[in-house]
Every structure is written in structure tokens, then in C-alpha cells.
Amino acid sequence: MYGSPNTAAAQQVVNCRLYCDGRAVRDIDIEHLDEVPDAPGQLIWIGLYDPDEEVLAKVQKRFGLHELAIEDAHLAHQRPKLEVYGDTLFLVLHTARRQAAEFAFGESHFFIGRGYVVTIRHGPSETFAAVRARCEAAPQMLRKGEDFILYALMDFVVDNYFPIIDAMEAEIEQIEDDIFSNRFSSDDIEKVFGLRRDLVALRHAVQPLQDICTRIMRFDVPLIDRDTYPYFRDVQDHAIKASQGLETLRENLGSALDAHLMLSSVKANEVMKKLAGWAAILAVPTAIAGIYGMNFKVMPELEWVWGYPATLAAITGACGYLYYRFHKAGWL
């Protein structure tokens with residue numbers, strides 16, 4: 001796929017940087033990770049995008065990551081979760097972004113251990129360059145260590161949900177306007193169900209975050225200092241807000257579909273009323289013409305000079321009376 005292993009690794013490694021006491025020291029070549037010794041106050045932050053087994057093996061060997069977690073990180077398609085492997089935290093979060101006119105979902109995996117943070121992105125997702133820049137701009141906070149970086153990453157992922165939620169809300173409002181202004185067509189049904197599918201996918205990404213934040217703040221989770229608990233509570237509050245917003249949108253979309261069905265039913269009833277009214281009016285001349293079309297020799301007014309005009313007048317009068325009554329009743 002690539003020209004050489006070094007080129008392949010370079011394309012998969014977004015960033016690999018060494019920090020000491022909250023400040024960036026230098027970039028590290030992924031091929032020379034083993035040459036960087038552990039030291040107090042030192043931290044290595046690696047960012048990967050769709051890495052292959054070779055790159056993951058280098059990271060696993062350097063930090064002693066669990067093989068099951070590495071397997072999950074390579075295969076992706078994991079549910080949002082937090083797992084503890086000894087002194088290492090392994091988190092899976094689902095990310096979302098707007099691509100053209102559609103919503104796309106990806107995955108981000110985090111390995112958090114003493115002296116290292118490894119982020120792995122799969123599929124469509126925003127780069128974590130903004131998180132890294134924000135952390136580097138606040139060395140006094142970055143000095144707190146791995147747990148602060150984990151907070152910054154989770155906060156970034158959760159905050160990126162809100163523009164998606166706002167875009168979905170705008171689409172649902174447009175659907176509601178189209179329904180009540182008679183611009184909603186059968187072609188829009190596919191759009192509605194596509195939006196409903198995206199709502200469900202985003203809801204499955206957001207809801208587990210509440211439990212993940214709760215578990216992070218438990219005493220049995222390593223690396224997390226009590227001083228950072230308020231930060232994770234803030235992430236949890238944002239996750240709850242996003243979850244509530246999605247639930248509201250789901251209800252609004254369901255209400256819009258119910259309104260569409262009710263309006264369609266009302267329109268169908270109006271059409272049936274019109275058809276029934278005209279059918280009743282047309283039944284009068286049909287019945288009279290059927291009677292006089294039987295060709296019996298002895299029939300009322302058959303020899304009467306004014307018989308034909310009188311019959312037409314009776315038909316016209318009966319039809320006019322029926323039209324008047326149906327129109328008054330709102331059927332025509």
C-alpha cells in the first residue's frame with residue numbers, strides 16, 4: 001500500500017512528542033521509541049490514525065499494552081467503553097462530524113498509562129491537534145499529567161457532539177416546516193429515516209459517556225487524581241445535556257412523522273368525502289336513466305309531450321339540491 005515501512009509509519013503517526021513538567025521537549029521518531037527512557041515528570045503523547053499491526057506492535061512493546069486492548073484498537077468497531085488493564089486505562093469513544101450533507105461517525109481509542117498517552121483514530125473524526133495545542137498552551141495544567149490529557153480529549157469529543165445536534169435540530173425544524181406547508185413529499189421519507197438512523201447512532205455514542213465518567217471518578221481506577229474529578233464531572237454534565245438534547249430531537253422527529261400521518265389521513269378523508277358526494281349526485285341521473293332505459297311499453301309520462309323536459313328538470317333539481325347539502329356540510 002505504501003512505498004516502504006518507514007513511509008507507511010510516517011503516514012499513520014500524526015504526532016509523537018515528548019513532554020517534561022508540562023512543556024514540549026521534542027518530537028520522537030516512532031521507530032526509536034525504545035530509545036526514550038522513562039523519567040519522573042516525563043510524558044510521551046502519541047497520535048495515530050488507522051495504524052496497522054506493525055505500528056501498534058511498536059507502541060505495545062514500548063508501553064507494555066495488553067494484547068486484547070491492542071486487538072480492539074486495531075479492529076475498531078467497538079462500543080464506547082472503559083477498561084482497566086493493570087495500571088493502564090483503555091477507552092473507546094465514538095466521534096461524529098458533518099461531511100458534506102451527511103453525518104459520519106468514527107472511533108477514537110485512548111491508552112492512558114503512567115508516562116504516556118496514545119490516541120488512535122479510526123474513520124471520520126476530527127483531529128486532536130486542537131486538544132494538543134490547548135494543552136501545550138497551558139503547561140501548568142498539562143503538568144497535572146495523563147489524567148488532564150484524558151479530560152481534554154473527552155471534553156473535545158463531547159463538545160463536538162453539539163454542532164452535530166444543532167445541525168440535526170435544524171434539519172428536523174425544516175422537516176416540520178415542509179410538513180405543515182405541504183412541501184413534504186414521499187421522497188423526503190427516506191431523508192427522515194436516514195436522520196432517525198443518525199440520531200440513534202449518536203445516541204449510542206453519547207449515552208455510555210455518563211457511565212464512563214462515573215467509573216473514572218471511582219477510587220479503583222488508576223492514574224486519576226481526585227483533583228481532576230471536577231473536570232470529569234463537567235464532561236459528564238455535557239454528556240447528559242447532549243443525551244437530553246438527542247432525546248428531545250428523537251421525540252420531535254417522531255411527532256413530525258405523526259403529524260405527517262395525521263395530515264395525510266385528513267387529506268385522504270377529504271378526498272373520500274368529495275368522491276362520496278359526487279357519487280351520490282351522479283347516482284340520481286344514473287337511477288332515473290336506468291329506469292327509463294328498460295324499454296317497457298307502459299311507463300309513466302312516456303307519451304307526455306313534456307315528459308323529457310320534466311325528467312331533465314327533476315334530475316337537475318335533485319342533483320342541485322344534493323350539491324347544496326353536501327357543499328353546506330363541507331364535503332364539496
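Because the structure is predicted, anything quoted here is derived from the model rather than measured.

**What about the nonpolar core?**
In this structure, L150 and M154 are the most contacted members of the largest nonpolar core, which totals 62 residues. With 25 residues, the next largest nonpolar core counts I28, V36, I44 and A73 among its residues.

**Observations concerning empty space enclosed by the protein**
A complete count under the given rule lists two cavities of 30 Å³ or more for this structure. Its boundaries defined by the atoms lining it, the largest cavity holds a volume of some 50 Å³. Along the walls of the largest cavity sit T95, A96, S125, E126, F128, F156, V157, N160 and Y161, which together make up its complete lining.

**Thoughts on the environment of F162**
Looking at the secondary structure, you find F162 in helix α7 (residues 161–180). Separated by 76 residues in sequence, F162 and H238 have C-alpha atoms that sit 9.2 Å apart. Each residue touching F162, except ones within four places of it in the same chain, is listed here: H238, K241 and A242.

**Brief notes about a nonpolar patch on the surface**
A contiguous nonpolar surface patch, about 300 Å² in accessible area, is contributed by V271, M272 and L275. With respect to the element layout, L275 can be found in helix α9 (residues 229–292). The class for L275 is exposed, based on a relative accessible area of 53%.

**Remarks on the packing of aromatic side chains**
Going through the model one piece at a time under the given rule, you end up with eleven aromatic pairs. Here the aromatic cluster, defined as three or more aromatic residues joined through ring pairs, consists of F148, Y151, Y231 and F232. Geometry around W45 places R132 over its ring, the cationic atom sitting 4.4 Å from the centre.

**Regarding the sheet that holds strand β3 (residues 42–49)**
Strand order in the open sheet formed by seven strands is β2-β1-β3-β7-β6-β5-β4, with mixed pairing between adjacent strands. This sheet does not close on itself; its edge strands, each paired only once, are β2 (23–27) and β4 (81–85). Pairs of neighbouring strands in the sheet enclose a mean axial angle of 20 degrees, with direction left out of account. Alignment of strand β1 (residues 13–20) against β2, held across four bridges, turns out to be antiparallel. Within β2, the residue paired with C20 across the bridge is R23. Seen against the sheet, helix α2 (residues 53–63) touches β1, β3 and β7 (116–122) and runs at an angle of roughly 160 degrees to β3.

**Description of the side chain of Q236**
Positionally, Q236 belongs in helix α9. Not counting residues up to four positions away in its chain, the partners in contact with Q236 are Q210, C213, T214 and M217.

**Describing unusual backbone geometry**
In this structure, D50 takes a positive phi of about 45 degrees despite not being glycine. Residue classification places D50 among the partly exposed positions, given a relative accessible area of 37%. Its identity is not glycine, yet H77 carries a phi of approximately 55 degrees, on the positive side. Mapped onto the secondary structure, H77 falls in the loop between α3 (67–75) and β4. A residue is classified by how much of its surface remains accessible, and H77, at 74% relative accessible area, is exposed.

Scoring rules and cut-offs
Residues numbered from 1 in each chain as written. Predicted model: local features only at pLDDT ≥ 70, side-chain atom pairs only at ≥ 80, totals over all residues. Heavy atoms only, no water. Core = buried A, V, L, I, M, F, W, Y, C linked by side-chain atoms within 4.5 Å. Buried < 20%, exposed > 50% of the residue type's maximum accessible area, 1.4 Å probe, protein only. 1 Å grid on protein atoms, 1.4 Å probe; cavity = no way out; pocket = protein on both sides within 12 Å on 5 of 7 lines; lining within 4 Å. Points joined across faces, edges and corners; volume = space filled by probe spheres on them. Helix = DSSP H or I, 4+ residues; strand = E, 2+ residues; numbered from the N terminus. Contact = heavy atoms within 4.5 Å. Patch = residues over 30% accessible without salt bridge, like charges linked within 9 Å, V, L, I, M, F, W, Y side chains within 5 Å. Areas by Shrake-Rupley, 256 points an atom, 1.4 Å probe, with all protein chains shown as cover. Salt bridge = Lys/Arg side-chain N within 4 Å of Asp/Glu carboxyl O. Phe/Tyr/Trp six-rings, centres within 6.5 Å; stacked < 30°, edge-to-face > 60°. Lys NZ or Arg CZ within 6 Å of the ring centre and 35° of its normal. Pairing = 2+ DSSP bridges. Axes fitted to C-alpha atoms, helices over the stretch in contact; angles between N-to-C directions.

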